[in-house]
Amino acid sequence: MGQLCWLPLLAPLLLLRPPGVQSVGPIRAFVVPHSHMDVGWVYTVQESMRAYAANVYTSVVEELARGQQRRFIAVEQEFFRLWWDGVASDQQKYQVRQLLEEGHLEFVIGGQVMHDEAVTHLDDQILQLTEGHGFLYETFGIRPQFSWHVDPFGASATTPTLFALAGFNAHLGSRIDYDLKAAMQEARGLQFVWRGSPSLSEQQEIFTHIMDQYSYCTPSHIPFSNRSGFYWNGVAVFPKPPPDGVYPNMSEPVTPANINLYAEALVANVKQRAAWFRTPHVLWPWGCDKQFFNASVQFANMDPLLDHINSHAAELGVSVQYATLGDYFRALHALNVTWRVRDHHDFLPYSTEPFQAWTGFYTSRSALKGLARRASALLYAGESMFTRYLWPAPRGHLDPTWALRQLQQLRWAVSEIQNSTETPSAYDLLILTTIPGLSYRHYSIRPTAGAQEGTQEPAATVASTLQFGRRLRRRTSHAGRYLVPVANDCYIVLLDQDTNLMHSIWERQSNRTVHVTQEFLEYHVNGDVKQGPISDNYLFTPGKAAVPAWEAVEMEIVAAQLVTEIRQYFYRNMTAQNYTYAIRSRLTHVPQGHDGELLCHRIEQEYQAGPLELNREAVLRTSTNLNSQQVIYSDNNGYQMQRRPYVSYVNNSIARNYYPMVQSAFMEDGKSRLVLLSERAHGISSQGNGQVEVMLHRRLWNNFDWDLGYNLTLNDTSVVHPVLWLLLGSWSLTTALRQRSALALQHRPVVLFGDLAGTAPKLPGPQQQEAVTLPPNLHLQILSIPGWRYSSNHTEHSQNLRKGHRGEAQADLRRVLLRLHHLYEVGEDPVLSQPVTVNLEAVLQALGSVVAVEERSLTGTWDLSMLHRWSWRTGPGHHRGDTTSPSRPPGGPIITVHPKEIRTFFIHFQQQ
């Protein structure tokens, strides 16, 4: 993961009338001129702002003010906020407000970034949306109602639920598997109502538009010229613009001599797209990566071309006009159309061609992914600590305003890296820790090339060690005859002395022994584009099956009172001095009970992988005798599970059967389930019955010019130390433990070392020792003081903005944001899947007396009682134009949370 460097998507939109299509009212379609930034692999946010992003906003705002017909949409807020705070003049800020008020400019999605949908965690997706929405609402009083999510490599079924909760009325995506997109185009099925959650069903559905095969780019080929079409300002140059102002690939200007040819090319493409959709409204995106940095050139060519088409609409069969994304979706919503319903399945993995499966980035830069997840965990810990510091009364000498600024910087940093989770750019995160009575310190997290991640050895005052010499990989006739047991109260792990590999696991509750063997393998990939398909930072293109990456294994067992650790070291050959791979498996010795149940029912495994040889992709393969039918389950963003049956393809079956595992995966048969829990994202697959393999590390280099130019060759020489927890048991046992164990891994205790600033005073009052506790099926996703400068009352906030009281409002340090998440699906567990009723006054009593509870939208900008999302006709019982209203009465401290619900509240306490 790395520094965000993507341009906010800015798009004027055109409405088109394809021929021969009847409909009620005006016919509209989107031609979307837009500017999409995707050079974050090499350049920093600041460099991109100087070279490109600032010019986009500056020139777009100027050009929108010059033409009443012109429209634009803006997407991510990271670059816009930087431009607004550091570049925009007072006059430009005034123009932006006017353009928003008049509908010439529209913010869509409104998060800090367009987050990746495959390998980011739900909590971090919510964070980046919340930060972007908070900025837009406090600055302009606006709340985005539509999403534009064209960049992620595949689409997660978490997305419709997330965007519905945020208050969006419709969703637009783009990148799905090319085979599936072609079939959906042919069936005119690219628009549908998506019900992402099997538990929430129609409660959190959203109308979804998937862009056609041209995606978000204007077709670059024009038949009358060998230059790129419709890109009159050319392609942006980094890091400094050309001094002569001549950019690469500048299109032929529109002239009286070629305007007919331009119009015919545009109209022909519009008519082609019209055949792929069910309505006469065609969305036609205008632009592509790094466009509209000189908007005056773009509009100077667009305006006459559109005027020409409209003046010849009868003969061309198409009429056009600028529009916003909201205009397009409003036109669709007004039609009397019954839409198909798509269920909770996702659109992963993503392939663009037979040998281009975008499944490598699930694992790329594993060390950076682990670092980013730890930074996120530290942020959420810091949020809770800051809230506890301020309530019920501040203690110590910490300046709350200063502390809030530090938290905000960390929120933005964590938000940025949700955009392009595979980029190599380093980042620097500021971690603030405040503990009453102790001094506070700054902790800086800095990834460096080749740096090893820290490991933890089990602490024990007395330990005994058994050592086993190296054993060759080839199996002996005595394999399985000499087994060494390592046990706790839940498992007995049996290790084979003849191979030094794990042999099997006996699970006490089910009284079943499952054969389990683990080994490291490597995929050997091609690095020469002349020799065939290559792998890179994004693509995984193995030439053939993985092969064992070791010849000999050494083992030792360290037994102590609290933990027993099994250490296995894998050597490439019998005489190698250093091992390339290692597994450290830990069993905890605790009695079963409340917390002991979670500790006992897991085998914690920490791996070491690397440094790898060049063009190798390392996997841990776990082989069992479970009759899994080559089916695995992996999660969407830590929120819900997806069934992943193995699919045979004509080409590239290995890579196209890899899926993202953000937090958990499992395989099962009729008796047992083996669960894998992870603290960072990985690629995961089942290449054989009873097998599951996790890609741990990648090191690649190829001679593809584009990869070399953007540093996508991934020559990663680091050593990584990812962690998995294994849970083995019956379906009922693992169902009850999986979600809670995943949270325990995600939020492991944070231990920070520092000098004491003198003797810590005794904390006042017994209530300071009380914790915020919830039932086991509820997750306290966040307890935070966002510090936004807006009133919870929309009318009051709007009036303050109109009166010009924009810079005078102070950060609200008394409003607490609480978000609760029900962890279980309907019917998943007889007890834990039940709705949960909690009294927030009782839950939060350690913070003070609750005087008001406001339920809000996911990102906090809507009073939920005032949020009325569009309903889309899907069959009997659904009526065009209906709105969905909350089914629960607003207000009150006693709430009921249903399976998979995520509910957000503002909590107000009695001030002391």
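Everything that follows concerns the structure shown earlier in this document.
Anyway, here's the lowdown on the structure attached to this text. Position numbers for residues start from 1 in each chain and track the written sequence from start to end. Selection of residues for local features in this predicted model requires a pLDDT of at least 70, selection of side-chain atom pairs for listing and counting requires 80 or more, and totals for whole chains, interfaces and linings are taken over all residues. Hydrogen atoms and water are omitted, and side-chain values are computed over all heavy atoms in the structure.

### With respect to the overall build of the chain
Logical step 1: The helix and strand labels rest on DSSP assignments: H or I over at least four residues marks a helix, E over at least two residues marks a strand, and numbering proceeds from the N terminus. The helix and strand tally for the chain stands at 18 helices and 43 strands.
Logical step 2: Burial classification: accessible surface area is computed with a 1.4 Å probe over protein chains only, and a residue below 20% of its type maximum counts as buried, one above 50% as exposed, and the rest as partly exposed. Within the chain, the fraction of its 912 residues that count as buried is 62%.
Logical step 3: Once local pairs closer than 6 in sequence are excluded, the contacts in the chain between residues at least 24 apart make up 74%.
Logical step 4: Note on areas: Shrake-Rupley with a 1.4 Å probe; residue coverage comes only from the protein chains shown. Carbon and sulfur atoms make up 50% of the accessible area of the chain, which totals about 34100 Å². Contact criterion: two residues are considered in contact whenever any of their non-hydrogen atoms come within 4.5 Å of each other.

### What to know about the sheet that holds strand E32 (residues 673-678)
Logical step 1: Pairing between two strands is assigned when DSSP locates at least 2 bridges connecting them. Across the sheet, which stays open at both edges, the 10 strands sit in the order E17-E23-E24-E25-E26-E35-E32-E31-E28-E29 with antiparallel pairing between neighbours. The open sheet has two edge strands with one neighbour each: strand E17 (463-472) and strand E29 (640-645). Ignoring which end each strand starts from, the neighbouring axes of this sheet average 20 degrees apart.
Logical step 2: Where strand E25 (residues 581-588) meets strand E26 (residues 603-609), 6 bridges bridge the pair, whose relative direction is antiparallel. For Tyr-581, the partnering residue across the bridge sits in E26 and is Ala-609.
Logical step 3: Against the sheet, helix H16 (residues 731-746) makes contact with E29, strand E31 (664-668), E32 and strand E35 (723-729), and its axis sits at roughly 160 degrees relative to E35, the strand it touches most. For every element, the axis is a line fit to its C-alpha atoms; helices are fit only across the contacting stretch, and the angle between N-to-C directions ranges from 0 to 180 degrees.

### Considerations on the pairing of E26
Logical step 1: By the criterion of burial, E26 is predominantly enclosed, with 7 of the 7 residues buried.
Logical step 2: Taking every second residue as pointing to the same face, both faces of E26 are buried, with Ile-603, Gln-605, Tyr-607 and Ala-609 on one and Glu-604, Glu-606 and Gln-608 on the other.

### Topic: helix H7 (residues 259-274)
Logical step 1: An ideal rise of 1.5 Å per residue puts 22 Å on 16 residues; H7 measures up with 22 Å between its terminal C-alpha atoms.
Logical step 2: All of the buried residues in H7 are Ile-259, Tyr-262, Ala-263, Ala-265, Leu-266, Val-267, Asn-269, Val-270, Arg-273 and Ala-274.
Logical step 3: Packing partners of the buried residues in H7 comprise helix H8 (295-311) and helix H9 (313-316). The span expected for a helix works out to 1.5 Å for each residue beyond the first.

### Observations concerning a nonpolar patch on the surface
Logical step 1: Patch definition: residues above 30% relative accessible area lacking any salt bridge, with like charges linked at up to 9 Å and the nonpolar side chains Val, Leu, Ile, Met, Phe, Trp and Tyr linked at up to 5 Å. By definition here, a salt bridge exists when the distance from a side-chain nitrogen of Lys or Arg to a carboxyl oxygen of Asp or Glu is within 4 Å. A cluster of nonpolar side chains, Val-529, Phe-704 and Trp-706, forms an exposed patch at the surface whose accessible area comes to about 260 Å².
Logical step 2: Classification of Trp-706 by relative accessible area gives partly exposed; the value is 39%.

### Comments concerning the pattern of salt bridges
Logical step 1: Throughout the structure, instances matching the rule amount to 35 salt bridges.
Logical step 2: The partner of Glu-205 in a salt bridge is Arg-195, and the shortest N-O contact between them spans 2.7 Å. In this pair, Glu-205 sits in strand E9 (residues 205-210) while Arg-195 sits in strand E8 (residues 191-195), placing the two residues 10 residues apart along the sequence. Each member of the pair Glu-205 and Arg-195 is classed as buried.
Logical step 3: For Glu-522, the salt bridge is made with Arg-616, and the minimal N-O distance between the two is 3.8 Å. With Glu-522 in strand E21 (residues 512-524) and Arg-616 in strand E27 (residues 616-624), the pair connects residues that are 94 residues apart, well separated along the chain. There is no split in this pair, since Glu-522 and Arg-616 are both buried.
Logical step 4: Shared partners join several salt bridges into a network, and the residues in it are Glu-556, Glu-565, Arg-567, Arg-586, Glu-604 and Glu-606.

### Some words on the state of the cysteines
Logical step 1: Note on terminology: disulfide denotes any pair of cysteine sulfur atoms within 2.5 Å. Following the criterion strictly, the structure yields 2 disulfides and no others.
Logical step 2: Note that Cys-217 is cross-linked by a disulfide to Cys-288, the S-S spacing being 1.9 Å. A torsion of 50 degrees about the S-S bond marks the disulfide between Cys-217 and Cys-288 as right-handed. Here the residue Cys-217 occupies a position in the loop between E9 and H7, and Cys-288 occupies one in strand E10 (residues 287-289), the gap between them amounting to 71 residues.
Logical step 3: Judged by relative accessible area, which is 15%, Cys-288 ranks as buried.
Logical step 4: One disulfide in the model links Cys-490 with Cys-600; its S-S distance is 2.0 Å. Measuring handedness by torsion sign, the sulfur bridge of Cys-490 and Cys-600 sits at about 125 degrees and is right-handed. One end of the pair, Cys-490, is in the loop between strand E18 (483-487) and strand E19 (491-496); the other, Cys-600, is in helix H13 (residues 596-600), and 110 residues separate them in sequence.

### Regarding unusual backbone geometry
Logical step 1: Each neighbour pair has its own omega, and for Leu-348 with Pro-349 the value is 0 degrees, a cis peptide bond.
Logical step 2: For Pro-349, the location among the structural elements is in the loop between strand E12 (341-342) and strand E13 (351-353).
Logical step 3: The step from Trp-391 to Pro-392 runs through a cis peptide bond, and the omega angle for that step is 5 degrees.
Logical step 4: The residue Pro-392 is located in the loop between helix H11 (366-390) and helix H12 (400-416) in this model.
Logical step 5: A positive phi angle is found at Asn-637, which is not glycine, with a value near 60 degrees.
Logical step 6: Locating Asn-637 in the fold gives a position in the loop between strand E28 (631-636) and E29.
Logical step 7: The phi angle at Asn-652 is positive, at roughly 65 degrees, despite the residue not being glycine.
Logical step 8: Tracing the backbone shows Asn-652 in the loop between E29 and helix H14 (653-656).

### Let's talk about the side chain of Asn-169
Logical step 1: Relative to the helices and strands, Asn-169 is located in the loop between helix H5 (158-165) and strand E7 (170-173).
Logical step 2: For Asn-169, the side chain forms a polar contact with the main-chain nitrogen of Trp-870, separated by 2.8 Å.
Logical step 3: With residues up to four places along the chain from it excluded, the contact list for Asn-169 reads Gln-145, Phe-146, Ile-206, Phe-207, His-868, Arg-869, Trp-870 and Trp-872. Side-chain atoms alone can form a polar contact between residues adjacent in sequence; in general such a contact is a pair of N or O atoms within 3.5 Å, and within protein one must be able to donate a hydrogen while the other accepts it.

### Overview of the packing of aromatic side chains
Logical step 1: Centre distance within 6.5 Å is the pairing criterion for rings of Phe, Tyr and Trp, where only the six-membered ring of Trp is used; planes under 30 degrees apart are then read as stacked, over 60 as edge-to-face, and the remainder as tilted. Applying the stated criterion to the full structure yields 54 aromatic pairs.
Logical step 2: Here the aromatic rings of Phe-292 and Phe-299 are separated by 6.3 Å at their centres, their planes lie at 65 degrees, and the arrangement is edge-to-face. Comparing Phe-292 with Phe-299, the two get one shared label, buried.
Logical step 3: Summarising the aromatic geometry, the rings of Phe-520 and Tyr-581 are spaced 4.6 Å apart at their centres and angled 15 degrees between planes, so their arrangement reads as stacked. A residue pair is termed long-range when its members are at least 10 positions apart, and Phe-520 in strand E21 and Tyr-581 in strand E25 qualify at 61 residues.
Logical step 4: The exposure class assigned to Phe-520 is buried, which follows from its relative accessible area of 0%.
Logical step 5: For a Lys NZ or an Arg CZ to count as sitting over a ring, it must be within 6 Å of the ring centre and within 35 degrees of the ring normal. Above the face of the Tyr-649 ring, Arg-656 is positioned so that its terminal group lies 4.0 Å from the ring centre.

### Quick word on the sheet that holds strand E43 (residues 902-909)
Logical step 1: What the 4 strands build is an open sheet, ordered E36-E37-E43-E39; its pairing is antiparallel. Since the sheet does not close on itself, it has two edges, and those belong to strand E36 (778-784) and strand E39 (850-856), each with one partner. With strand direction ignored, the average angle separating the axes of adjacent strands in the sheet is 25 degrees.

### Concerning the pairing of E36
Logical step 1: In terms of residue burial, E36 counts as a mostly covered element, since 6 of its 7 residues are buried.
Logical step 2: By the bridge criterion, 6 bridges tie E36 to strand E37 (residues 815-822) in an arrangement that is antiparallel. Counterpart to Leu-778 in the pairing with E37 is His-822.

### Things to note about helix H6 (residues 178-186)
Logical step 1: Within the span of H6, buried status applies to Lys-181, Met-184 and Gln-185. Across the axial projection of H6, the buried residues extend over an arc of 100 degrees, all falling on one side.
Logical step 2: Contacts from the buried residues of H6 go to E8 and E9.
Logical step 3: A distance of 3.0 Å separates the backbone nitrogen of Asp-179 from a side-chain oxygen at the start of H6, and that oxygen is part of Asp-177.
Logical step 4: In the stretch just after H6, Arg-188 is the one whose phi turns positive, near 50 degrees. Throughout, the arc means the angular range of directions from the helix axis out to the C-beta atoms.

### A look at the packing of H7 against H8
Between two packed helices, what matters for the description is the angle formed by their axes and the separation of those axes.
Logical step 1: Two numbers describe how H7 lies on H8: the axes approach to 10 Å, and their chain directions differ by 75 degrees. For the element pair H7 / H8, the angle class is roughly perpendicular. Facing H7, whose interface residues are Ile-259, Asn-260, Tyr-262, Ala-263, Leu-266 and Val-267, H8 presents Pro-304, Leu-305, His-308 and Ile-309.
Logical step 2: When grouped by side-chain class, the residues that make up the contact of H7 with H8 number 8 nonpolar, 2 polar and no charged. Geometric relationships in this document are graded by angle, where less than 35 degrees denotes roughly parallel, more than 145 denotes roughly antiparallel, 65 to 115 denotes roughly perpendicular, and other angles denote oblique. Asp, Glu, Lys and Arg are counted as charged, while Ala, Val, Leu, Ile, Met, Phe, Trp, Tyr, Cys and Pro are counted as nonpolar; the rest, among them Gly, fall into the polar class.

### As for the packing of helix H2 (residues 77-86) against helix H4 (residues 122-140)
Logical step 1: Where H2 contacts H4, the axes come no closer than 10 Å and their chain directions differ by 40 degrees. The angle between H2 and H4 falls in the class oblique. The two elements H2 and H4 cross, and the hand of that crossing is left-handed. Together, Gln-77, Phe-80, Arg-81 and Trp-84 of H2 and Gly-132, Phe-135, Leu-136, Thr-139 and Phe-140 of H4 make up the contact between the two elements.
Logical step 2: Taken together, the residues of the contact of H2 with H4 break down into 5 nonpolar, 3 polar and 1 charged. Note on convention: near helix rotated counterclockwise from far helix by under a right angle means a left-handed crossing. Clockwise means right-handed.

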